[in-house]
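Observations on the model geometry
In case you want the letters, here they are:
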Amino acid sequence: NNNNNNNNNNYNYNTTSYDKVDRFINAKRGCKECLHVETVPARSSKDAPIENVDRNIVSEEMKLICRQVGISRIYSHQEEAIRRARTGESVVVSTPTASGKSLCYIIPILEKIMSEPNARA
């Protein structure tokens, strides 16, 4: 009998993403591998023209490339994540869909490769 209905599966399809995140965070509290868990209240996004970003965070060459592909503004969380990544910090960005998380990682990687062609990401 090939029964595709798996009654042993305890997964609740009605569980929201927030419930899953809460369960994960609660499971990790006090765990040695998890150094810090913090819930930050939602706030309005802040952005600025990419030209205004310090060149030690985003190089002038990268700003030009960004403008060429249609990126003219950068969110404050992107700027902070890029700054931290460039200093060697481990960075995790948790923001809603389409808020620019990928750029937080792509810019530092591309800048590293541009300055050190043999670098690895």
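This report concerns the structure included in the present document. Per chain, residue numbering runs from 1 following the sequence as it is written. Residue-level local features of this predicted model are given only where pLDDT is at least 70; pairs of side-chain atoms are given and counted only at 80 or more, and the full residue set underlies all totals for whole chains, interfaces and linings. The basis for the side-chain values is all heavy atoms of the structure; hydrogens and waters are excluded.

Considerations on the overall build of the chain
Starting at the N terminus, helices and strands are each numbered in turn, a helix being any DSSP run of H or I of at least four residues and a strand any DSSP run of E of at least two. Assigned secondary structure in the chain consists of 4 helices and 2 strands. Taken from N to C terminus, the helices and strands of the chain fall in the order α-β-α-β-α-α. A buried classification covers 18% of the 121 residues belonging to the chain. Carbon and sulfur atoms make up 48% of the accessible area of the chain, which amounts to about 10000 Å² in all. With a 1.4 Å probe rolled over the protein chains alone, any residue whose accessible area is under 20% of its type maximum counts as buried; one over 50% counts as exposed, and the rest are partly exposed. We get accessible surface area from the Shrake-Rupley algorithm with a probe of 1.4 Å; when it comes to residues, only the shown protein chains can shield them.

A look at the packing of helix H3 (residues 76–86) against helix H4 (residues 101–115)
The axes used here are C-alpha line fits, helices contributing only the stretch in contact, and every angle between their N-to-C directions lies in the interval 0 to 180 degrees. Running from N to C, H3 and H4 cross one another at 40°; their axes reach a closest spacing of 8 Å. As far as their axial angle goes, H4 and H3 are oblique. The interaxial crossing formed by H3 with H4 has right-handed handedness. Together, His77, Gln78, Ala81, Ile82, Ala85 and Arg86 of H3 and Leu103, Cys104, Ile107, Pro108 and Glu111 of H4 make up the contact between the two elements. Looking at the contact of H3 with H4 residue by residue, the classes come out as 7 nonpolar, 2 polar and 2 charged. Should an angle fall under 35 degrees it is called roughly parallel, over 145 degrees roughly antiparallel, and 65 to 115 degrees roughly perpendicular, with every other angle called oblique. The sense of a crossing depends on the near helix, which, turned anticlockwise from the far helix by less than a right angle, makes the crossing left-handed and, turned clockwise, makes it right-handed. Note on contacts: a residue pair is in contact if any heavy atoms of the two residues lie within 4.5 Å. Ten residues, namely Ala, Val, Leu, Ile, Met, Phe, Trp, Tyr, Cys and Pro, are considered nonpolar, four, namely Asp, Glu, Lys and Arg, are considered charged, and the remaining ones, Gly among them, are considered polar.

Side note on unusual backbone geometry
Among all residues save glycine, negative phi is the norm, and among peptide bonds the norm is trans. For Ala98, which is not glycine, the phi torsion reads 65° and is therefore positive. For Ala98, the location among the structural elements is in the loop between H3 and H4. Accessibility expressed as a relative area gives 73% for Ala98, which makes it exposed.

What about the packing of helix H2 (residues 60–68) against H4?
With their axes 11 Å apart at the nearest point, H2 and H4 run at an angle of 125° to one another. Judged on the interaxial angle alone, H4 and H2 are oblique. For the pair H2 and H4, the sense of crossing is right-handed. Of the residues in H4, those in contact with Glu61, Met62, Ile65 and Cys66 of H2 are Ile107, Leu110, Glu111 and Met114. Split by residue class, the contact of H2 with H4 holds 6 nonpolar, no polar and 2 charged.

Brief notes about the environment of Ile25
Checked against the element boundaries, Ile25 lands in helix H1 (residues 17–28). For Ile25, a relative accessible area of 18% gives the class buried. Sequence separation between Ile25 and Thr39 is 14 residues, and the spatial gap between their C-alpha atoms is 9.8 Å.

Examining the pattern of salt bridges
The working definition used for a salt bridge is a side-chain nitrogen of Lys or Arg within 4 Å of a carboxyl oxygen of Asp or Glu. Within this structure, the stated rule accounts for 7 salt bridges. A salt bridge links Asp47 to Arg73; the nearest nitrogen and oxygen atoms lie 2.8 Å apart. On the criterion of sequence distance, the pair formed by Asp47 in strand E1 (residues 47–49) and Arg73 in strand E2 (residues 73–75) is long-range, its members being 26 residues apart. Judged by relative accessible area, which is 37%, Asp47 ranks as partly exposed. For Arg84, the salt bridge identified is with Glu89, shortest N-O distance 2.9 Å. A relative accessible area of 30% means that Arg84 is categorised as partly exposed. A cluster of three or more residues bridged by salt bridges with shared partners is formed by Glu80, Arg84 and Glu89.

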